[in-house]
Amino acid sequence: MDTLLRVNGLSKKYGSRQALDSVSFSVGPGKIIGLLGANGSGKSTLMQIIAGLTPAASGEIAVMGKPLGKGTKSLISYMPDRPMTESWMKVRDAVAFYNDFYADFDGSKAREMLSFMNLDERSAVSSLSKGMNERLQLTLALSRNVNLYLLDEPIGGVDPVARDKILDAIVRFYSEESSLIVCTHLVRDMERIFDEVMFLKDGRITLHEEVENLRIKHGRSVDDMFKEVFGE
Ligand SMILES: Nc1ncnc2c1ncn2[C@@H]1O[C@H](COP(=O)(O)OP(=O)(O)OP(=O)(O)O)[C@@H](O)[C@H]1O
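Residues numbered from 1 in each chain as written. Predicted model: local features only at pLDDT ≥ 70, side-chain atom pairs only at ≥ 80, totals over all residues. Heavy atoms only, no water.

- Per an unreviewed UniProt entry, the protein goes by ABC transporter ATP-binding protein and derives from Paenibacillus chibensis.

Here it is, written out as structure tokens:
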């Protein structure tokens, strides 16, 4: 299959604020795509709509050729920008919860990831720092066997030294036939893992390009392009 995700003419308003304006793009299998934009450009809104958590006002989405809905829930795993776990949980409870909830959850992959992430199964979720909590959320999201992973700011709280390790975990633990869309502000830190980037500006896609082409065409890094387009 050439297209894993197809988004066509997606729009969304919050009151009079146009969060997304006729967004269209498609994503093939086996790609890591950076969804990049300034604060308020609509990245989280787009991720939430594709994750099926909030409706669009208009437009269509298809995953593996199926319209977004009940039939596509088992194809998508979403890591939100805020934790989905409950504060009473220990790390192992959070893993058990996901394991019970998702038939596609891979317990042995989760254990392997926890150890790679230096997370102790006995730790209380409420005691985790923001960065450690992100490691947990990432472990939960990537331990599902799905076709499309959506990660909203996966390394925002992680200290710069540990960022490389988390990026290595993303590359190592996502399965290569699937695709991964990740939104972030930390362009310089993350660009090494992107195959493609999309720039979202005021709710519109202004650029969607393979990173390799971008470097050849413009002779610039993604970070330089990002600063040029979004610099204030
Ligand atoms: N639930 C909501 N109610 C009202 N307005 C909202 C809501 N969610 C988002 N918005 C508005 O929609 C626009 C897009 O927001 P969104 O969170 O999608 O952007 P973002 O690119 O993810 O931003 P950030 O990088 O700051 O997380 C913003 O103007 C925001 O204020």
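1. Here's the deal with the overall build of the protein
Thought 1: What the protein contains, in helices and strands, is 8 helices and 10 strands.
Thought 2: For a compact globule of 232 residues, the expected C-alpha radius of gyration is about 17 Å, and the protein comes in at 17 Å, within 12% of that figure.
Thought 3: Expressed along its principal axes, the backbone C-alpha trace of the protein runs to roughly 45 × 40 × 40 Å.
Thought 4: Averaging the coordinates of the 29 positive side-chain charges in the protein and doing the same for the 32 negative ones gives two points 4 Å apart. (Helix = DSSP H or I, 4+ residues; strand = E, 2+ residues; numbered from the N terminus. Rg over C-alpha atoms; globule rule 2.2 N^0.38 Å. Lys, Arg positive; Asp, Glu negative; His and termini not counted. Charge placed at Lys NZ, Arg CZ, Asp CG, Glu CD.)

2. Focus: the layout of surface pockets
Sizing a probe to match a water molecule and rolling it over the atoms shows the empty space that remains.
Thought 1: In this model, the largest pocket occupies a volume close to 430 Å³.
Thought 2: As for the largest pocket, its lining consists of 17 residues, and the residues nearest its centre are Ala-51, Leu-53, Ile-76, Tyr-102 and Arg-144.
Thought 3: If you list the elements that add at least two residues to the lining of the largest pocket, you get strand S6 (76–79) and helix H2 (91–101).
Thought 4: Looking at side-chain class alone, the lining of the largest pocket contains 11 nonpolar, 4 polar and 2 charged residues.
Thought 5: Empty space within the second largest pocket amounts to approximately 210 Å³.
Thought 6: Taken together, 14 residues make up the lining of the second largest pocket; nearest its centre are Gly-40, Ser-41, Gly-42, Lys-43 and Ser-44.
Thought 7: Listing elements by their share of the lining of the second largest pocket, those giving two or more residues are strand S2 (17–27) and helix H1 (43–50).
Thought 8: Each residue belonging to the lining of the second largest pocket can be placed in one class, and the counts come to 2 nonpolar, 7 polar and 5 charged. (1 Å grid on protein atoms, 1.4 Å probe; cavity = no way out; pocket = protein on both sides within 12 Å on 5 of 7 lines; lining within 4 Å. Points joined across faces, edges and corners; volume = space filled by probe spheres on them. Nonpolar A, V, L, I, M, F, W, Y, C, P; charged D, E, K, R; others polar.)

3. A closer look at the pairing of strand S7 (residues 148–152)
Thought 1: The element S7 is extensively covered by neighbouring structure, given that 5 of its 5 residues are classed as buried.
Thought 2: Every second residue of S7 is oriented toward a common face, with Leu-148, Leu-150 and Asp-152 on one face and Tyr-149 and Leu-151 on the other, all of them buried.
Thought 3: In this structure, S7 lies alongside strand S8 (residues 179–184), joined through 5 bridges in parallel fashion. Residue pairing across strands places Tyr-149 opposite Leu-180, the latter belonging to S8. (Buried < 20%, exposed > 50% of the residue type's maximum accessible area, 1.4 Å probe, protein only. Pairing = 2+ DSSP bridges.)

4. Points about the nonpolar core
Thought 1: Counting residues in each nonpolar core, the largest one holds 49 residues, and the members touching the most others are Leu-136, Leu-142, Ile-170, Leu-180, Phe-194, Val-197 and Phe-199.
Thought 2: What Leu-180 contacts, discounting residues up to four positions off in sequence, is Lys-31, Ile-32, Ile-33, Leu-142, Tyr-149, Leu-151, Ile-170 and Tyr-174.
Thought 3: Among the nonpolar cores identified, the runner-up in size contains 26 residues, and Leu-10, Met-47, Ile-49 and Ile-61 belong to it. (Core = buried A, V, L, I, M, F, W, Y, C linked by side-chain atoms within 4.5 Å. Contact = heavy atoms within 4.5 Å.)

5. Points about the UniProt feature "domain: ABC transporter" (unreviewed entry) in the protein
Thought 1: The UniProt feature table records "domain: ABC transporter" (unreviewed entry) at residues 5–227.
Thought 2: Overall, residues 5–227 shows 33% helix and 28% strand. The separation of its end C-alpha atoms is 28 Å. (UniProt positions renumbered as here; feature names shortened; annotations may be inferred.)

6. Observations regarding the packing of aromatic side chains
Thought 1: The tally for this structure, following the rule as stated, stands at 9 aromatic pairs.
Thought 2: Judged by centre distance (5.9 Å) and plane angle (85°), the ring pair of Phe-199 and Phe-226 falls under edge-to-face. In this pair, Phe-199 is assigned in strand S9 (residues 196–201) and Phe-226 in helix H8 (residues 222–230), connecting sequence segments 27 residues apart.
Thought 3: Arg-144 extends its terminal NZ or CZ atom over the ring of Tyr-102, reaching a point 3.7 Å from the ring centre.
Thought 4: The ring of Phe-116 has Lys-165 lying over it, and the distance from NZ or CZ to the ring centre is 4.3 Å. (Phe/Tyr/Trp six-rings, centres within 6.5 Å; stacked < 30°, edge-to-face > 60°. Lys NZ or Arg CZ within 6 Å of the ring centre and 35° of its normal.)

7. A few points about the side chain of Thr-54
Thought 1: Tracing the backbone through its elements, the reader meets Thr-54 in the loop between H1 and strand S4 (58–63).
Thought 2: Within the structure, the side chain of Thr-54 is placed 3.2 Å from the side chain of Lys-12, a separation counted as a polar contact.
Thought 3: Aside from chain neighbours lying at most four places away, what touches Thr-54 is Lys-12, Thr-45, Gln-48 and Ile-49. (Polar contact = N/O pair within 3.5 Å; in protein donor to acceptor, adjacent residues only side chain to side chain.)

8. Quick word on the sheet that holds strand S5 (residues 66–67)
One key point about sheets: their strands pair by backbone hydrogen bonds, in either a parallel or an antiparallel sense.
Thought 1: Reading across the sheet, the 4 strands line up as S2-S1-S4-S5 and stay open at both edges, with antiparallel pairing between neighbours. Since the sheet does not close on itself, it has two edges, and those belong to S2 and S5, each with one partner.
Thought 2: Taken together, the 7 bridges between strand S1 (residues 5–14) and S2 define a ladder with antiparallel strand orientation. The partner of Leu-5 across the bridge, within S2, is Val-27.

9. Concerning H8
Thought 1: Residues of H8 that are buried: Val-222, Asp-223, Met-225, Phe-226 and Phe-230. The arc enclosing the buried residues of H8, seen along the axis, measures out at 160°, which places them on a common side.
Thought 2: Here the buried face of H8 lies against strand S3 (32–36), helix H6 (187–190), S9, strand S10 (204–210) and helix H7 (211–218). (Arc of directions from axis to C-beta.)

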